[in-house]
Amino acid sequence: MISIVIPAYNEANYIEKTLREIPYNIEKIVVCNGCTDDTENISKKYAKVYSIKNKGVSLARNYGGMKATGDLIVFLDADTLISNELLNRLSKIK
């Protein structure tokens, strides 16, 4: 299984489109790091969401990576779209 981890700091304008494009059979984890906008509430519709108080993309990525259960972890930014072709190729990696 693939896990996608997205660190997010005030990404309400972008994250929903990114999360909607990820297929349901992929674990989606969003780590809100110090968000003060609606990023967390939007993300909860599509993903497992963790909130940490400290800001920092590296801290958020590491935290999400520890929570991921997939055999393969992919880190995305909140405004990055990933193609189904790439996901299909990644799913064949063992």
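See the structure printed just above.
Residues numbered from 1 in each chain as written. Predicted model: local features only at pLDDT ≥ 70, side-chain atom pairs only at ≥ 80, totals over all residues. Heavy atoms only, no water.

## A closer look at the packing of aromatic side chains
Spelled out, the test is: Two aromatic rings, drawn from Phe, Tyr or Trp (for Trp, its six-membered ring), form a pair once their centres lie within 6.5 Å of each other, and the interplanar angle then sorts them: stacked below 30 degrees, edge-to-face above 60, tilted otherwise. Only DSSP runs of H or I with at least four residues qualify as helices, and only runs of E with at least two residues qualify as strands; both kinds are numbered from the N terminus onward. Each residue is placed in one exposure class: buried if its accessible area under a 1.4 Å probe, protein chains only, is under 20% of its type's maximum, exposed if it is over 50%, and partly exposed if it falls in between.
Applying the stated criterion to the full structure yields 1 aromatic pair. Arranged with centres 5.8 Å apart and planes meeting at 70 degrees, the rings of Tyr-50 and Tyr-63 form a pair that is edge-to-face. Taken together, the residues span a long stretch of sequence, with Tyr-50 in strand S3 (residues 48-52) and Tyr-63 in helix H3 (residues 57-67) at a distance of 13 residues. Accessibility expressed as a relative area gives 23% for Tyr-50, which makes it partly exposed.

## Brief notes about the pattern of salt bridges
Keep this limit in mind: When a carboxyl oxygen of Asp or Glu lies within 4 Å of a side-chain nitrogen of Lys or Arg, that pair is called a salt bridge.
Taken as a whole, this structure holds 5 salt bridges when the rule is applied. Across the pair Lys-45 and Glu-16 runs a salt bridge, and its minimum N-O distance is 3.6 Å. In this pair, Lys-45 is assigned in the loop between helix H2 (39-43) and S3 and Glu-16 in helix H1 (residues 15-20), connecting sequence segments 29 residues apart. Relative accessible area serves as the criterion here: at 55%, Lys-45 is assigned to the exposed category. Classification of Glu-16 as partly exposed rests on a relative accessible area of 23%.

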